[in-house]
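Observations on chain architecture
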Amino acid sequence: MDVRVGDRLLMKKPHPCGADTFLVLRVGMDFKIRCTGCGREVMVPRVKCEKRIKRILREPDE
């Protein structure tokens with residue numbers, strides 16, 4: 001899966017705060033993502049995160 005820093009991820013399940021989109025801050029063996037609702041940052045293993053992604057939202061100019 002082609003996930004880049006700066007992408008917004010629409011997840012299958014929402015964060016406990018209610019938001020379902022996350023901003024990608026770091027990519028590697030783990031993803032560092034920030035909730036767009038409450039601002040909480042979490043590190044998630046790559047495999048676990050890729051299974052939970054519904055759609056990748058990118059800017060059209062990239």
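Bear in mind that the values here come from a model prediction, so they are computed numbers and not experimental data.

Topic: the overall build of the chain
In terms of helices and strands, the chain carries 1 helix and 5 strands. For the chain, the C-alpha radius of gyration of 11 Å lies close to 11 Å, the compact-globule estimate for 62 residues. In terms of overall dimensions, the chain has a C-alpha envelope of 30 × 25 × 20 Å along the principal axes. Looking at the chain as a whole, 27% of its 62 residues qualify as buried.

Topic: the side chain of His-15
Take His-15: it is sitting in the loop between strand 1 (8-11) and strand 2 (21-26). Residue His-15 is classed as buried on the basis of its relative accessible area of 19%. Ignoring sequence-local partners within four residues, the contact set of His-15 consists of Phe-22, Cys-35, Cys-38 and Arg-40.

A short note on the state of the cysteines
By definition, a disulfide links two cysteine residues through a covalent bond between their sulfur atoms. One pass over the full model with this rule turns up 0 disulfides. Cys-49 takes part in no disulfide bond, and the closest cysteine sulfur to it belongs to Cys-35, at a distance of 13 Å.

Considerations on the pattern of salt bridges
Side chains that carry opposite charge are capable of pairing whenever their charged atoms lie near each other. For the structure shown, the criterion picks out 6 salt bridges. As a salt-bridge pair, Arg-58 and Asp-7 come within 3.1 Å of each other at their nearest N and O atoms. Taken together, the residues span a long stretch of sequence, with Arg-58 in the segment after strand 5 (53-57) and Asp-7 in the segment before strand 1 at a distance of 51 residues. Salt-bridge contacts for Lys-32 lead to Glu-41; the nearest nitrogen and oxygen are separated by 3.5 Å. Given a relative accessible area of 34%, Glu-41 falls into the partly exposed group.

Thresholds, definitions, all that
- The residue count restarts for each chain, going from 1 along the sequence in the order it is written.
- Where totals are concerned, whole chains, interfaces and linings use all residues; where local detail is concerned, this predicted model gives features only for residues with pLDDT of at least 70, and gives and counts side-chain atom pairs only at 80 or more.
- Computation of side-chain values covers all heavy atoms of the structure but excludes hydrogens and water.
- By definition, any uninterrupted DSSP run of H or I lasting at least four residues is a helix, any uninterrupted run of E lasting at least two residues is a strand, and each is numbered from the N terminus.
- We compute the radius of gyration from the C-alpha atoms alone; for a globule the expected value is 2.2 Å times N to the 0.38, where N is the number of residues.
- Partly exposed residues are those whose accessible area sits between 20% and 50% of the maximum for their type, while under 20% is buried and over 50% is exposed, using a 1.4 Å probe and protein chains only.
- Here, two residues are considered to be in contact whenever any of their heavy atoms come within 4.5 Å of each other.
- Pairs of cysteine sulfur atoms within 2.5 Å are identified as disulfides in what follows.
- Whenever Lys or Arg places a side-chain nitrogen within 4 Å of a carboxyl oxygen from Asp or Glu, that contact is recorded as a salt bridge.

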